[in-house]
Amino acid sequence: MSAVEPRAVDGAPDVDAAPGAVPAGPRGSAVVKVAFPVAGMTCAACVTRVQRSLTDLPGVLDANVNLATNRATVELERGAVGPGDLVAAIRDAGYDVGSESAQVAVEGLRFAGDVAPLEAAVAAVPGVLAASANRAADTLRITYVPGLVTMPRLERAVAEAGFVVAAPIAEADPVERERLARSREVRRLAARGAVAAFAAVLSMVASMPLMGVGGTGTADLLVRLVMPLHHALARALPWLYAVPPQQLKFALFALTLPVVFWAGAPFYVAAWRGFRHRSADMNTLIGVGTGAAMLYSTAATFAPGVFEAAGLPADVYYEAVSTIVALILVGRLLEARAKGRTSSAIGRLLGLRARTARVYRDGIEVEVPAAEVQVGDFVSVRPGEKVPVDGVVRSGKSAVDESMLTGEPTPVAKKEGDEVTGATLNTTGAFVLEATRVGRDTVLAQIVRLVEDAQGSRAPVQRLADRIAGVFVPVVISVAILAFIIWFDFGPEPAAVWATVSFVTVLIIACPCALGLATPTAIMVGTGRGAERGVLIKGGAALEAASRLDVILLDKTGTVTEGKPRVTDLLAPHGPSAALPATPEERAEILAVAAAVERLSEHPLAGAIVREAAELGLELPDAADFEAHEGRGATALLGAHRVAVGSAAFLIQLGVDIGPFIDAVDTLAARERTPVLIAVDGLPLGLLGLADPIKPSSVGAVRALRRMGLEVILVTGDVRKVAIAVAGETGIDQVESGMLPAGKVQVIKRLQAAGKRVAMVGDGINDAPALAAADVGIAIGTGTDIAVEAADITLPAGDLRAAVTAVELARATMRTIRQNLFWALAYNVVGIPIAAGLLYPFAGVLLSPVFASAAMAFSSVAVVTNSLRLRRFAPTFAT
Amino acid sequence: MHVAQFVVTVAGFAAIGWVLWYFLVPAGRGAPRPPEGGV
């Protein structure tokens, strides 16, 4: 067995074929985006450093590194930079790329001489870190960077080397992979933390007899607290107090060795690695802090004479070293677990997928894994089953619970020709669908990608934290040295001890972690929660913009209204001069007659009538002798009866007495409904009112938006009269009518010029320019067509109330981010001076390094926990 | 003791200057590559 080093990438890198690679620009552009894991980052300074090392590469346009997900997303010019360059840049910065291993069964590995060429061929694939073949087991183990290389590319490399891959290489499920990595990290931290904690408790006890002998004595808050314990212990374990102090010191030294050399080793290794690359982070602070305490104690143990000669007590701080390491490891453990929960939304989304599908192959129904369904396959879906892929119903009918897509719990009726979405839940009926989108193209896969991208993105508000984090650690080290000098020069005797304690305490209490986690954890939880609530947010910038809106523009057709005309009123004659809403029987009769005629018409209003009849499941009689009268109506023969459908003027012209409907026609017209009359054999049968009805949810949504302090404006291409009627019914007081798409953009520009931050809500097709021009474009898409490109926020439910949820969620997330940043800054601004001993001249109190480590561990856990509160975000409208 | 204080003060400020220079002044490229393997 041997391993082969990755090779520098040659001319044609494979990034464009990588699984995470998507064209970042328009189709055919030379810009691609790749995402891959980064290992070894602990704080905001690391993020800045990795990001800089990536953007410094020629050909990299943008790099985005996320501490919460431990992932880097890089936008690069196709062909200018390869995976090998990215890996090298990360390693140059003192970090590493996260890697995955795959075990591949290879046929044809017969001779010892086969091994090296095969390994070399696979290791040469860009994105592969190592390849080692095992001839005894006929396997090849490949270590690769997920996101930088595809499985088919690896299979091709094996084939090109002259071998056969026995089975397709299975890539680890990204969610499962992350869960495994997370649990590995938790286990590792727990083991190290347990050892450190065990040593810490023993050291505490064993160092009790040494306390109060000298040093900082009663000024140390911790010593004051443990004083009663000290006396109790002296009574309980008198033999411990009988051990000579020097022997106790040796015992403590031995006890601390495993803590420093094993439990805390990652801190020192990372601190050293960072130091060599002129980068300082969290590990530097911990390493220098505990290292200084350890060195001081070791010297005091083995060369106490030097201290005594200088008039200093030979104090030891072994218990502080162990306790600090233990507390920080516990903090990291809690943080790792909490960070795992911040990304749980993706896991839940992917958990919605159906595992298997029943596909017709050669006329026989066979069960196959859902991933193997092909476009064009006919898939049978039984009651209670998940729909495995996106498709069109070809036979049968049912109601499907689409709440995963829209947040709307009421099942939606599906019949032949209707689209169904994968991962939605079939309720009562059975149907057969023809697969139209599978695998990465399904709506669910799109949603997951969108949420993943959003969770990995950064908000502009993070820039402040990044700027601080970039200089944080060197500044803190300087403050610690300054504290040392001041204590040494002006402090009470023994000044060297006081100086060392405050030096260590300042290093330990300072915490750039909280600063680094403040924004990304909140964005992860916020966008994840949004996805569960039918609000798909494109990223941190969109979230931030949505939290600061002044004006929200609502497109009328399709956003406030349903977007297609419907029969809103149906009246039947009641005596010679009055009309009343039709009874169900009358309704069926009127609609059947009208639809039988209109079925042959091409007028858009005719479609609304036919649709209404179809939804009621009415049998339509056959019409003959159809005649359309342009812009006025139509006539036809139904059996022996002559039927006329059309405007009031048309029927009057035909000699029909429309007496019962005269008033109703006027009322409907005043309400912006289009009246359509039906007459049979010259007698009036009924009156239909047609309109593009306002969605029932729009009124409440507009009210909520206004209550949130937003200015609401209705924009529409429709005429002013209709726009005002719709605005009046929904409670909107400003209207911009007669707008072409370019006109909507001008309205937005005008508002923006007046200093307002504008959101545009539209259905994403003709509104695309306006969506792009607005500060926040919100695409509202009924059904499955997610207009991801132009919009910052997508609301698949097509319900305006989701826009309210989006704004509420954005505000809640930004509030959380501000709280986190405030806490992280305030913690350091207050904690560091106290640790330096600022309170000593006034209160005679100096913080113990042990306290400092507890405070530090708590500060980053507090930030992550605060972000997790967003998981309980409850919108006004439970859509 | 005054000598010790003088030495600590001078060395301390020199250390501060060095720390700020070492970590904050951008390093030239071509720094040594770290060994293989993660934390």
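Residues numbered from 1 in each chain as written. Chains lettered and ligands numbered in written order. Predicted model: local features only at pLDDT ≥ 70, side-chain atom pairs only at ≥ 80, totals over all residues. Heavy atoms only, no water.

1. Some points on the overall build of chain B
Phase 1: The number of helices and strands found in chain B is 1 helix and 0 strands.
Phase 2: A buried classification covers 21% of the 39 residues belonging to chain B.
Phase 3: Of the roughly 2800 Å² that chain B leaves accessible, carbon and sulfur atoms contribute 73%. (Helix = DSSP H or I, 4+ residues; strand = E, 2+ residues; numbered from the N terminus. Buried < 20%, exposed > 50% of the residue type's maximum accessible area, 1.4 Å probe, protein only. Areas by Shrake-Rupley, 256 points an atom, 1.4 Å probe, with all protein chains shown as cover.)

2. Here we look at the overall build of chain A
Phase 1: Along the backbone of chain A there are 31 helices and 32 strands.
Phase 2: Going through the 879 residues of chain A one by one, you find that 55% of them count as buried.
Phase 3: Counting contacts in chain A only where the partners sit at least 6 residues apart, residues at least 24 apart contribute 69% of the total.
Phase 4: Here chain A has roughly 36000 Å² of accessible surface; of this, 59% comes from carbon and sulfur atoms. (Contact = heavy atoms within 4.5 Å.)

3. Considerations on the sheet that holds strand 15 (residues 412-414) of chain A
Residue and element names in this part refer to chain A.
Phase 1: With respect to topology, 3 strands assemble into an open sheet ordered 15-14-17, the strand pairing being antiparallel. Only two strands of the sheet have a single neighbouring strand rather than two, namely strand 15 and strand 17 (425-426).
Phase 2: Relative to strand 15, strand 14 (residues 398-401) is paired through 3 bridges, and the arrangement is antiparallel. In the strand pairing of strand 15, alanine 399 is matched with alanine 413. (Pairing = 2+ DSSP bridges.)

4. Focus on the nonpolar core
All names here are of chain A.
Phase 1: Phe36, Leu54, Leu86 and Leu554 are the most contacted members of the largest nonpolar core, which totals 168 residues.
Phase 2: Among the elements that make up this core, the one with the highest residue count is helix 29 (residues 801-836) (16 residues).
Phase 3: Excluding anything up to four places from it in sequence, phenylalanine 36 contacts Asn70, Arg71, Ala72, Val74, Leu86, Ile90, Val97, Val145, Pro146 and Leu148.
Phase 4: Listed in part, the 25 residues of the second largest apolar core include Leu570, Ala572, Ala594 and Val597. (Core = buried A, V, L, I, M, F, W, Y, C linked by side-chain atoms within 4.5 Å.)

5. Here's the deal with the confidence of the model for chain B
Phase 1: Of all residues in chain B, 62% attain a pLDDT of 70 or more, and the chain-wide mean is 71.
Phase 2: In the model, residues 28-39 of chain B has pLDDT below 50 throughout and makes 26 contacts with residues more than four positions away in sequence or in other chains. (pLDDT = per-residue confidence, 0-100.)

6. Examining the packing of helix 3 (residues 112-123) of chain A against helix 4 (residues 151-160) of chain A
Residues and elements named next belong to chain A.
Phase 1: Packing of helix 3 against helix 4 leaves a shortest axis separation of 9 Å and a crossing angle of 145°. Where helix 3 crosses over helix 4, the two elements pack in a sense that is right-handed. On the side of helix 3, the interface is formed by Leu118, Ala121 and Val122, while helix 4 contributes Leu154, Ala157 and Val158.
Phase 2: For the contact of helix 3 with helix 4, the class distribution of residues is 6 nonpolar, no polar and no charged. (Axes fitted to C-alpha atoms, helices over the stretch in contact; angles between N-to-C directions. Left-handed = near helix turned anticlockwise from the far one by under 90°. Nonpolar A, V, L, I, M, F, W, Y, C, P; charged D, E, K, R; others polar.)

7. Notes on the confidence of the model for chain A
Residues and elements named next belong to chain A.
Phase 1: In this model, chain A carries an average pLDDT of 81, and 90% of its residues clear a pLDDT of 70 or more.
Phase 2: Ranking the elements of chain A by mean pLDDT puts strand 1 (residues 22-23) last, at 42, and strand 28 (residues 711-715) first, at 93.
Phase 3: For residues 1-28, every residue scores under 50 in pLDDT, and the model assigns this stretch 71 contacts once sequence neighbours within four places are set aside.

8. Here's the deal with unusual backbone geometry
Residues and elements named next belong to chain A.
Phase 1: Residues other than glycine seldom take positive phi values, yet aspartate 362 does so here, at roughly 55°.
Phase 2: Locating aspartate 362 in the fold gives a position in the loop between strand 10 (356-361) and strand 11 (364-369).
Phase 3: At aspartate 625, a residue that is not glycine, the phi angle is positive and equals roughly 60°.
Phase 4: When you line up the elements, aspartate 625 lands in strand 23 (residues 623-629).
Phase 5: Relative accessible area serves as the criterion here: at 49%, aspartate 625 is assigned to the partly exposed category.

9. Comments concerning a nonpolar patch on the surface
Phase 1: Together, Leu482, Ile486 and Phe490 of chain A together with Phe13 of chain B give the surface a local cluster of nonpolar side chains, amounting to about 430 Å² of exposed area.
Phase 2: Per element, the largest residue contribution to the nonpolar patch is 3 residues, and it comes from helix 16 (residues 462-490) of chain A.
Phase 3: Tracing the sequence through the fold places phenylalanine 13 of chain B in helix 1 (residues 2-24). (Patch = residues over 30% accessible without salt bridge, like charges linked within 9 Å, V, L, I, M, F, W, Y side chains within 5 Å. Salt bridge = Lys/Arg side-chain N within 4 Å of Asp/Glu carboxyl O.)

10. Observations concerning helix 31 (residues 849-868) of chain A
Note that an α-helix has 3.6 residues per turn; residues three or four places apart therefore point the same way.
Phase 1: For helix 31 of chain A, which comprises 20 residues, the first-to-last C-alpha distance of 29 Å matches the rise-based estimate of 28 Å (1.5 Å per residue) to within 8%.
Phase 2: Of all 20 residues that make up helix 31 of chain A, 14 are buried, and the element is covered over most of its length. (Expected span 1.5 Å × (residues − 1).)

11. Regarding the pairing of strand 11 of chain A
Phase 1: In this structure, strand 10 of chain A lies alongside strand 11 of chain A, joined through 6 bridges in antiparallel fashion. Residue pairing for strand 11 of chain A: arginine 358 of chain A is matched across the bridge by glutamate 367 of chain A.

12. Comments concerning the pattern of salt bridges
Residues and elements named next belong to chain A.
Phase 1: Under the defined criterion, the tally for this structure stands at 22 salt bridges over all chains.
Phase 2: Ionic pairing is found between arginine 358 and glutamate 367, a salt bridge with its closest N-O pair at 3.6 Å.
Phase 3: For glutamate 367, a relative accessible area of 52% corresponds to the exposed category.
Phase 4: The shortest N-O distance in the salt bridge between aspartate 622 and arginine 599 comes to 3.8 Å. Of this pair, aspartate 622 sits in the loop between helix 22 (604-615) and strand 23 while arginine 599 sits in the loop between helix 21 (584-598) and helix 22, and the two are 23 residues apart along the sequence.
Phase 5: Connected through shared salt-bridge partners, Arg358, Glu365, Glu367, Arg382 and Glu385 make up one network.

13. Thoughts on the packing of aromatic side chains
Phase 1: All chains considered together, the criterion is met by 17 aromatic pairs over all chains.
Phase 2: Three or more aromatic residues joined by ring pairs form one cluster here, namely Trp272 and Phe275 of chain A together with Trp18, Trp21, Tyr22 and Phe23 of chain B.
Phase 3: We note arginine 192 of chain A situated over the ring of tryptophan 262 of chain A; from NZ or CZ to the ring centre the distance is 4.9 Å. (Phe/Tyr/Trp six-rings, centres within 6.5 Å; stacked < 30°, edge-to-face > 60°. Lys NZ or Arg CZ within 6 Å of the ring centre and 35° of its normal.)

14. What to know about the side chain of threonine 519 of chain A
Phase 1: Examined against the element boundaries, threonine 519 of chain A turns out to sit in helix 18 (residues 512-532).
Phase 2: Among residues more than four places away in sequence, those in contact with threonine 519 of chain A are Ala459, Val461, Gln462, Ile817 and Leu821 of chain A.

15. Overview of the pairing of strand 14 of chain A
Residues and elements named next belong to chain A.
Phase 1: Neither face of strand 14 is exposed, since Ser398 and Val400 on one face and Ala399 and Asp401 on the opposite face are all buried.
Phase 2: In the sheet, strand 14 pairs with strand 17 via 2 bridges, with the strands oriented antiparallel. Bridge pairing in strand 17 links aspartate 401 to leucine 425.

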